[in-house]
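Summary of the model geometry
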Amino acid sequence: MARLRLSSKRVVLPAGVTPATLSLEGERIVEIVAGRAQDALDFGDWVISPGFVDCHVHINEPGRSEWEGFESATRAALAGGVTTLVDMPLNSLPVTTNATALQAKLDACAGKCHTDVGFWGGVVPDNARDLADLRDAGALGCKAFLVHSGIDEFPNATEADLRRAMPILRKLGLPLLAHAELDLGDGSRDPVKDMDPRRYVSYLHSRPKEWEDAAIRLLVDLCRETGCRVHIVHLSSASALPILRAARREGLPITAETCPHYLCLESEAIPDGATHYKCAPPIREHLNREALWAALLEGTIDFVVTDHSPCVPHLKQLEAGDFMSAWGGIASLQLGLSTIWTEARRRGASIEQLCNWLSRAPAHFAGLESKGRIALGTQADLTIWDPEARYQLRSEDLYFRHKLTPYLGHELYGVVKQTWLRGQCAFETGQHAPARGRPLLQREVNA
């Protein structure tokens, strides 16, 4: 089998960013040597990083493929340097809460994936008996909502449901992923009464930080009680950070992710009626954003994912601009690198830190140890990008199905030049190779 050699002045290795030459043979990295080789394909100053891993994506196929589908989602991912996605168990139909539904996902994605794709299962009331079959069918972990999910097909799990499911997940070696909001149901006051639904602050007040904080306290207690690994998805509340820090000091197996919209956007700047900014939990204030950045830089927050959650545009109700009734979810698949790097570079963060947040840490969390690193024997998933290049985002640059995103018009740093999947170039400056992604149906490392 012929070897292919790639060189750059900036290759992101576990020991740091350095000039290096990679030798690829088949789908794997078989040699790494210091310096640049004359017979290699040389990328000069462009960065060669491990392919990015986005383990929080709503692809929605089957059932709601008009919102997003495997082909459009994975094409967008490659254009953003992402080589591996993990699909959420909603908003597809059926929702992925049993092995039969996971097989429907596999049937729907056959021949359409431009990246490798893994799958999360779901924890809902009365499906504890299905969790072992979900694991055996290939689910990498299972997600629960502690508040209404937005669709009736995926009801939220109660504390009693979690007490039944979490010991099973621990025995199966799977993490529990949790949408951490508890509707506190405080009837003594109505924070949105008489507030204008076109104003973002009305929506913000309807889902206060206390909802997240209470849910995370409950999850810490259940983690302690059951020993099940817990992962907080899309953390937005900075006031929950002391709870997470204390849990870590205690040695509890708890991790957390956040998203570009919580790190790059702030509530004070959201225009009236701009419902394409709506998501749950909400985008919060400037000071909250800065506290999340501090927590990411110190390691309290483990990694960053997009939580790409698109819908058909009419559900955003842009004409009415009603934040209270519009569908919640932000489309940002393809933009994780450039949105985060734009903010990270001005805060003094390094390329090495960025690649930990976008590659190594999410791959490790999903149990995909052959992904997310440039090391001997790992899969040759590579992103080649220019960290100094900048561009103004236009709708025609986007490959996901509906081009509605808060980042349109933003000036962003970090341009993907090529994306390599398992030893072959799969994307280069607007051109996609034929789809050759695979389903990822087994954790390489248990939770």
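Everything discussed here concerns the structure shown above.
The structure reproduced in this document is the subject of the present report. (Residues numbered from 1 in each chain as written. Predicted model: local features only at pLDDT ≥ 70, side-chain atom pairs only at ≥ 80, totals over all residues. Heavy atoms only, no water.)

Once that is clear, we can look at the overall build of the protein chain. Across its full length, the protein chain holds 11 helices and 19 strands. In terms of overall size, the protein chain behaves like a compact globule, its C-alpha atoms giving a radius of gyration of 21 Å where 447 residues would be expected to give roughly 22 Å. Sequence separation of at least 24 residues holds for 76% of the intrachain contacts in the protein chain that already meet a minimum separation of 6. Accessible area of the protein chain: about 16,400 Å², with a carbon and sulfur share of 49%. Charged side chains in the protein chain number 48 positive and 56 negative. The centres of these two groups are separated by 3 Å. (Helix = DSSP H or I, 4+ residues; strand = E, 2+ residues; numbered from the N terminus. Rg over C-alpha atoms; globule rule 2.2 N^0.38 Å. Contact = heavy atoms within 4.5 Å. Areas by Shrake-Rupley, 256 points an atom, 1.4 Å probe, with all protein chains shown as cover. Lys, Arg positive; Asp, Glu negative; His and termini not counted. Charge placed at Lys NZ, Arg CZ, Asp CG, Glu CD.)

Once that is clear, we can look at the sheet that holds strand β8 (residues 116-119). With parallel pairing, four strands are arranged side by side in an open sheet as β6-β7-β8-β19. With partners counted over all chains shown, the strands left at the sheet margins are β6 (52-57) and β19 (439-440), one partner each. Here four bridges tie β6 to strand β7 (residues 82-87), and the two strands are oriented parallel to one another. Within the sheet, the bridge partner assigned to Asp54 lies in β7 and is Leu85. Contacting β7, β8 and β19, helix α2 (residues 99-109) crosses the sheet at an angle of about 165 degrees to β8. (Pairing = 2+ DSSP bridges. Axes fitted to C-alpha atoms, helices over the stretch in contact; angles between N-to-C directions.)

On to the sheet that holds strand β13 (residues 254-258). Read from one edge to the other, the open sheet built from six strands follows the order β9-β10-β11-β12-β13-β14, with strand pairing classed as parallel. In the strand order of this sheet, the two ends are held by β9 (121-122) and β14 (303-304), each with one partner. Where strand β12 (residues 230-232) lies against β13, three bridges are found, and the strand directions are parallel. For Ile232, the partnering residue across the bridge sits in β13 and is Ala256. Sheet contacts for helix α6 (residues 209-226): β11 (176-179), β12 and β13; angle to β12, the most-contacted strand, approximately 165 degrees. Its contacts with the sheet put helix α7 (residues 241-249) on β12 and β13, and the angle it makes with β13 is roughly 145 degrees.

A few words now on the pattern of salt bridges. Following the criterion strictly, the structure yields 34 salt bridges and no others. As a salt-bridge pair, Asp116 and Arg422 come within 3.1 Å of each other at their nearest N and O atoms. Linking Asp116 in strand β8 with Arg422 in the loop between β16 (411-421) and β17 (424-428), this pair joins segments that are 306 residues apart in sequence. Taking the shortest distance from any N to any O, the salt bridge between Asp381 and Lys371 comes out at 2.7 Å. Here Asp381, found in the loop between α11 (351-365) and β15 (382-392), pairs with Lys371, found in the loop between α11 and β15; they are 10 residues apart in sequence, far enough to count as distant. On the basis of relative accessible area, Asp381 is assigned to the buried category, the value being 3%. Residue classification places Lys371 among the buried residues on the basis of a relative accessible area of 3%. Several salt bridges share partner residues, and in doing so they unite Glu27, Asp116, Lys371, Asp381, Arg422 and Arg438 into one network. (Salt bridge = Lys/Arg side-chain N within 4 Å of Asp/Glu carboxyl O. Buried < 20%, exposed > 50% of the residue type's maximum accessible area, 1.4 Å probe, protein only.)

The next subject is unusual backbone geometry. With an omega of 25 degrees, the peptide bond between Leu90 and Asn91 qualifies as cis. In the segment running from Ala280 into Pro281, the intervening peptide bond is cis, with an omega of -5 degrees. Phi angles above zero are rare outside glycine, and His234 is one such case at about 30 degrees. Mapped onto the elements of the fold, His234 is located in the loop between β12 and α7. A relative accessible area of 2% means that His234 is categorised as buried. One non-glycine residue, Thr429, adopts positive backbone phi at about 45 degrees. Inspection of the secondary structure puts Thr429 in the loop between β17 and β18 (431-432).

Let us look at the environment of Leu102. One can find Leu102 in helix α2. Measuring from C-alpha to C-alpha, the distance between Leu102 and Ala320 comes to 37 Å, with 218 residues separating the pair along the chain. Setting aside residues no more than four positions away along its own chain, Leu102 makes contact with Thr96, Phe119, Leu134, Ala137, Gly138 and Ala139.

Inspection of the secondary structure assignment puts Asp161 in helix α4 (residues 159-172). Looking at Asp161, the relative accessible area reads 6%, which means it is buried. Within polar-contact distance, the side chain of Asp161 engages the backbone nitrogen of Thr158 at 2.8 Å. Not counting the four nearest positions on each side in its chain, Asp161 is found in contact with Pro125, Asp126 and Asn156. (Polar contact = N/O pair within 3.5 Å; in protein donor to acceptor, adjacent residues only side chain to side chain.)

Now for the side chain of His58. Along the chain, the position of His58 falls in the loop between β6 and α1 (70-79). For His58, the side chain forms a polar contact with the side chain of Asp307, separated by 3.3 Å. Not counting residues up to four positions away in its chain, the partners in contact with His58 are Glu68, Asp87, Met88, Leu90, Asn91, Lys143, Asp307, His308, Ser309 and Pro310.

Next up on the list: α6. If you check α6, its first and last C-alpha atoms are 26 Å apart, about what 18 residues at 1.5 Å a residue would give, namely 26 Å. Those residues of α6 lying buried are Trp211, Glu212, Asp213, Ala214, Ala215, Ile216, Leu218, Leu219, Val220, Leu222, Cys223 and Thr226. Looking at the buried residues of α6, the elements they touch are α4, β11, α5 (200-206), β12, α7 and β13. Looking one or two residues beyond α6, the residue adopting positive phi is Gly227, at roughly 80 degrees. (Expected span 1.5 Å × (residues − 1).)

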